Amino acid sequence: MRNGSSDLLNEFRQGNVAAFETLFRLHQRAVYGWILRIVRNPAAAEDLTVETFWRIHRAHARFQPSRGFEAWARCIATRAALDWLRTQRPETELPAGLPAPATADPAVTDEIRRKTALAFQRLPPRLRLAAVLAVVEEQPHKEVAEALGISVSAVKLRVFRALRSLRKDLQQQGIAP
Amino acid sequence: MNANDELRMKKLLKQSLPPVEGESEPGHDLWPAVLRRLDARPTAIPWFDWALGASLVAFAAFFPASIPVFLYYL
């Protein structure tokens, strides 16, 4: 994401809708991409992008230009995505249209992959969010920490707890990962 | 869970949930939807949400040991 000029950010902070639209045009793609990585559902990602920019506009007076728009927007987007994850019930079937693995390990069957994906959806949302960003999307821990508003150690802990819970769930289904 | 288990689980997770690849962008311009959202009146919080919140606070006050359990699932 590219930061706007300081004039633009100051105008946005003062509630200028034209400045807000310019920032929206500059950052909507990055915000949408970030949310899509978390929720993995294009339609929900579009709705949440709108929600995120609505929250951004609502909080314009609290924006600190020194912090940068990018990090702030990502933080708000992450919270919106987390709120959405909390409202979702674990699926019994996986949504269609998700990308297939690029390099599938022949030792891991489709059935194991499906059960793993379903077990992952049963994890608490905040653990799922940390794991999907840090492990699946391979985002740097520092970026994940900033987006979640927690420390890097806390991100690592959440990832570890997510993997441990996932392993336990799979073991209960008779799968020994 | 040792380091090897952790590594195996990471690999399995990546196999099961492939990353979102390439440049992703919305299917259409979202600005009109943002404008509509800005113009919409803020929704009022229903009374039962307040009641639920009050019940949770009361429960936590009477059973403080339950607070970590709530926090875990948040």
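> Honestly, the overall build of chain A in this entry has me stumped. Any pointers?
From N to C terminus, chain A includes 8 helices and 0 strands. Its helices and strands taken in sequence order, chain A reads α-α-α-α-α-α-α-α from the N to the C terminus. Burial statistics for chain A: of 177 residues in total, 34% are counted as buried. For chain A, long-range pairs separated by at least 24 residues make up 66% of all intrachain contacts whose partners lie at least 6 apart in sequence.

> How should I be thinking about the nonpolar core in this particular structure?
The biggest cluster of nonpolar side chains holds 52 residues, and the ones touching the most others in it are Ile35, Ala130 and Ala131 of chain A together with Leu13 of chain B. It is helix H2 (residues 17-39) of chain A that contributes the most residues to this core, 11 residues altogether. When residues of this core are assigned to domains, at least three map to each of domain 1 (6-87) and domain 2 (110-172) of chain A. Aside from chain neighbours lying at most four places away, what touches Leu13 of chain B is Thr116, Phe120, Ala131, Val135, Val136 and Leu166 of chain A.

> Would you explain the environment of Glu143 of chain A in this entry?
Take Glu143 of chain A: it is sitting in helix H7 (residues 141-148). Put simply, Glu143 of chain A and Ala71 of chain A are 72 residues apart on the chain and 8.7 Å apart in space, counted from C-alpha to C-alpha.

> How do you make sense of the packing of helix H4 (residues 69-87) of chain A against H7 of chain A when you look at a structure like this?
For any two helices packed against each other, the geometry is given by the interaxial angle and the distance between the axes. Residue and element names in this part refer to chain A. One way to put it is that H4 packs onto H7 with a least axis distance of 7 Å and a crossing angle of 70°. Considering the angle they form, H4 stands roughly perpendicular to H7. Along the contact surface, H4 presents Ala71, Arg74, Cys75 and Thr78, while H7 presents Glu146, Ala147 and Leu148. Partitioning the contact of H4 with H7 into residue classes produces 4 nonpolar, 1 polar and 2 charged.

Conventions adopted
- Residues numbered from 1 in each chain as written.
- Chains lettered and ligands numbered in written order.
- Predicted model: local features only at pLDDT ≥ 70, side-chain atom pairs only at ≥ 80, totals over all residues.
- Helix = DSSP H or I, 4+ residues; strand = E, 2+ residues; numbered from the N terminus.
- Buried ≥ 20, exposed ≤ 12 C-beta atoms within 10 Å, placed from the backbone.
- Contact = placed C-beta atoms within 7 Å.
- Core = buried A, V, L, I, M, F, W, Y, C linked by C-beta atoms within 7 Å.
- Domains from an automatic or database assignment.
- Axes fitted to C-alpha atoms, helices over the stretch in contact; angles between N-to-C directions.
- Parallel < 35°, antiparallel > 145°, perpendicular 65-115°, else oblique.
- Nonpolar A, V, L, I, M, F, W, Y, C, P; charged D, E, K, R; others polar.

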